[in-house]
Amino acid sequence: MDNKNSFSKHINEGYFCKGESIIIGGGILENETIIDTHVKIPLKTLNRHGLIAGATGTGKTKTIQVLSEQLSQVGIPVLMMDIKGDFSGIAKEGEEKSFITERHAKIALPYTIAKFPVELLTLSEQNGVRLRATISEFGPVLFSRILDLNDTQSGVISIIFKYCDDNKMPLLDLKDIKKVINYITEEGKEEITESYGKISTSTTGTILRKIIELEQQGADLFFGEKSFEIDDLMRIDENGKGFINIIRLTDIQDKPKLFSTFMLSLMAEIYQQMPEQGDVGRPELVIFIDEAHLIFKEANKALLDQIETIVKLIRSKGIGIYFITQNPMDVPSGILAQLGLKIQHALRAFTANDRKAIKQTADNYPTSEFYNTSEVLTSLGIGEAFVTALNEKGVPTPLVATMLRAPMSRMDVLTESEVQEINNQSKLVKKYSELIDRESAYELLNKKITETEKLAKQEAQKKEELKTTKKQETQGPSTTEVVGKSVLKVLTSATFIRGFFGILSKVMKK
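All values derive from a computational prediction rather than experimental measurement.

Brief notes about the pattern of salt bridges
Pairing between side chains of opposite charge can happen when the charged atoms of each approach one another.
(1) Moving on: Following the criterion strictly, the structure yields 15 salt bridges and no others.
(2) Moving on: We note a salt bridge from Arg 282 to Glu 20, for which the minimum N-O separation is 2.9 Å. Taken together, the residues Arg 282 in the loop between helix 9 (256-273) and strand 8 (285-289) and Glu 20 in the loop between helix 1 (3-14) and strand 1 (21-29) connect sequence positions 262 residues apart.
(3) Moving on: Salt-bridge contacts for Glu 418 lead to Arg 410; the nearest nitrogen and oxygen are separated by 2.9 Å.
(4) Moving on: We classify Glu 418 as buried; its relative accessible area is 15%.
(5) Moving on: One connected set of salt bridges, linked through shared partners, spans Glu 229, Asp 232 and Lys 431.

A short note on unusual backbone geometry
Peptide bonds are trans in most cases, and residues, glycine excluded, mostly fall at negative phi.
(1) Moving on: Cis geometry marks the peptide bond from Glu 225 to Lys 226; its omega dihedral reads 15°.
(2) Moving on: Of note, the phi angle at Asn 31 is positive, near 65°, even though the residue is not glycine.
(3) Moving on: On the secondary structure map, Asn 31 appears in the loop between strand 1 and strand 2 (32-42).
(4) Moving on: Assessed through its relative accessible area of 77%, Asn 31 is described here as exposed.
(5) Moving on: Positioned with a positive phi, Glu 291 is a non-glycine residue whose angle comes to about 50°.
(6) Moving on: With respect to the helices, strands and loops of the structure, Glu 291 is situated in the loop between strand 8 and helix 10 (293-298).

Let's talk about helix 1
(1) Moving on: Across its twelve residues, helix 1 extends 16 Å between first and last C-alpha, which sits within 8% of the 16 Å expected from 1.5 Å per residue.
(2) Moving on: Buried residues of helix 1: Phe 7, Ser 8, Ile 11 and Gly 14, and no others. Take helix 1 and look down its axis: the buried residues cluster within an arc of 140°, on one side only.
(3) Moving on: Buried residues belonging to helix 1 abut strand 1, strand 2 and strand 12 (400-404).

Quick word on the sheet that holds strand 4 (residues 78-82)
(1) Moving on: Spatially, 2-1-12-11-10-3-9-8-4-7-5-6 is the arrangement adopted by the twelve strands of the open sheet, whose pairing is mixed. Only two strands of the sheet have a single neighbouring strand rather than two, namely strand 2 and strand 6 (129-130).
(2) Moving on: Pairing of strand 4 with strand 7 (residues 244-248) involves five bridges; the strand directions are parallel. Each residue of the ladder has a partner; that of Met 80, found in strand 7, is Ile 246.
(3) Moving on: Its contacts with the sheet put helix 15 (residues 416-425) on strand 5 (118-122) and strand 7, and the angle it makes with strand 5 is roughly 100°.

Regarding the side chain of Asp 82
(1) Moving on: By the element assignment, Asp 82 lies in strand 4.
(2) Moving on: The side chain of Asp 82 is buried and forms no salt bridge, while Arg 248, the nearest opposite charge, is found at 6.2 Å.
(3) Moving on: Side-chain polar atoms of Asp 82 contact the backbone nitrogen of Gly 85, separated by 2.8 Å.
(4) Moving on: Once residues lying within four places of it in the same chain are set aside, the contact partners of Asp 82 are Phe 87, Ser 88, Ile 246, Ile 247, Arg 248, Leu 249 and Thr 250.

So, helix 5 (residues 151-166)
(1) Moving on: Across its 16 residues, helix 5 extends 22 Å between first and last C-alpha, which sits within 8% of the 22 Å expected from 1.5 Å per residue.
(2) Moving on: Within helix 5, the full set of buried residues consists of Gln 153, Ser 154, Val 156, Ile 157, Ile 160, Phe 161, Tyr 163 and Cys 164.
(3) Moving on: One side-chain oxygen at the N-terminal end of helix 5 lies 3.1 Å from the backbone nitrogen of Thr 152; it belongs to Asn 150.
(4) Moving on: One or two steps after helix 5, the chain reaches Lys 168, where phi turns positive at roughly 55°.

What about the packing of aromatic side chains?
(1) Moving on: Within this structure, the stated rule accounts for eleven aromatic pairs.
(2) Moving on: A ring pair is formed by Phe 7 and Tyr 371, whose centres lie 6.2 Å apart and whose planes are at 90°; its orientation type is edge-to-face. Pair noted here: Phe 7 is in helix 1 and Tyr 371 is in the loop between helix 13 (352-363) and helix 14 (373-377), with a separation of 364 residues, a long-range link. Each member of the pair, Phe 7 together with Tyr 371, is buried.
(3) Moving on: Consider the rings of Phe 138 and Phe 222, whose centres lie 6.1 Å apart with planes at 75°: the pair is edge-to-face. Taken together, the residues Phe 138 in helix 4 (residues 135-146) and Phe 222 in helix 8 (residues 201-222) connect sequence positions 84 residues apart.
(4) Moving on: Judged by its relative accessible area of 6%, Phe 138 falls in the buried class.
(5) Moving on: The rings of Phe 7, Phe 370, Tyr 371 and Phe 386 are connected pair by pair, giving a single aromatic cluster.
(6) Moving on: Over the aromatic face of Tyr 271 sits the side chain of Lys 317, whose NZ or CZ is 4.6 Å from the ring centroid.

Rules used throughout
- Residues numbered from 1 in each chain as written.
- Predicted model: local features only at pLDDT ≥ 70, side-chain atom pairs only at ≥ 80, totals over all residues.
- Heavy atoms only, no water.
- Salt bridge = Lys/Arg side-chain N within 4 Å of Asp/Glu carboxyl O.
- Helix = DSSP H or I, 4+ residues; strand = E, 2+ residues; numbered from the N terminus.
- Buried < 20%, exposed > 50% of the residue type's maximum accessible area, 1.4 Å probe, protein only.
- Expected span 1.5 Å × (residues − 1).
- Arc of directions from axis to C-beta.
- Contact = heavy atoms within 4.5 Å.
- Pairing = 2+ DSSP bridges.
- Axes fitted to C-alpha atoms, helices over the stretch in contact; angles between N-to-C directions.
- Lys, Arg positive; Asp, Glu negative; His and termini not counted.
- Polar contact = N/O pair within 3.5 Å; in protein donor to acceptor, adjacent residues only side chain to side chain.
- Phe/Tyr/Trp six-rings, centres within 6.5 Å; stacked < 30°, edge-to-face > 60°.
- Lys NZ or Arg CZ within 6 Å of the ring centre and 35° of its normal.

Keep in mind these numbers describe shape, not what the thing actually does.
Encoded structure:
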């Protein structure tokens, strides 16, 4: 058997699927696409997470677009983090061009144009479905980890949450928790000390500064109501296609704290709300996190531990998470070990460090008799990638250089008028456009402080009046009162009256 036939047999056996699957491309050997060696990914293993990596300009964006289209087409919803604003074109049909026709002929796959149902979501003031969550939904542990608090400071956050629970004060947004911190430091200090123990003002000051830092990155837009409901990510349209939910993050690239805060809260919320699925035939939702290094670069150790824990556990809920970055080394090893599907685009070797990174990357992939992995990694063309996945039994598939299929939708962004058209037709935009500011900890504490001050003022006034009364009783009548009473006594005495009338009688006789 010659090398090509041996390769074809090896790949077809390795990527054979009995159940549902998606086809992402065809195998390449010695710079030649081998007909009928389709690289299939079983739907059953798509909740085992994945990695899409490669240097800038090697085709990662189009790979994400292809995967999202294929998933949507078989009725699996997608959530996509769009850091650079590249993906909105999925909502419109693509255009067949000669290079696309040629590519698909090489991999023996028909090419059709198609558009897909899209929702445009936003964390900021951009047009789209507003994403929000409340402080209470985060809980004390997650909120403390986001703020990078130590054990003592985290304990104070737990007390704050307990105090608000005990007193039925909802923590909805950042102004709520800031107000509570100010209250327990000042007006409510005695109340807190008596019921929960003494709290250091230096500790509350540190917490407050970290909340303000988070607020300056735009988190005040994210925390609040109406909270986004996870079920709205799982929608299927009338044609049976899964919605592709695109979170537009182009205006928060310089706010990694907000980005990582949102991602962690979203994954935690999905994990808490979704029922256990086990190993089902297909995932409930697939999440693509573009520019994933932004999360890992700014995250503290506690946050990384939390992300790693959720990644390990969330697959049992039927959720697949896919990290997209330039270098696989951007992803912590504990998370990298959890990733079943790996799509590695070309890496560039400009420096000694680059060559070292390529060697490390090659070592993370299965060995292959058909490739010198480290050499091929630097020679892959645009839209080509090394692929290894998990088969239906959970066993890693053979490493295969793959020519990836082209997107069916537009490979460009939407115009502003097209964005507005999608938002106008969206039910979710209407649902989440209203900003609700119901009575919460901020208002309740302000009311409590006002009532306390009013009562204190009334009490002080009563004390002052009582003090005046007692003073008068002790000192007796004043000089004015004494003189007045004496004059009145003289004027009304019988002797004075007789004298007065005697004088009046003499005057009248004259």
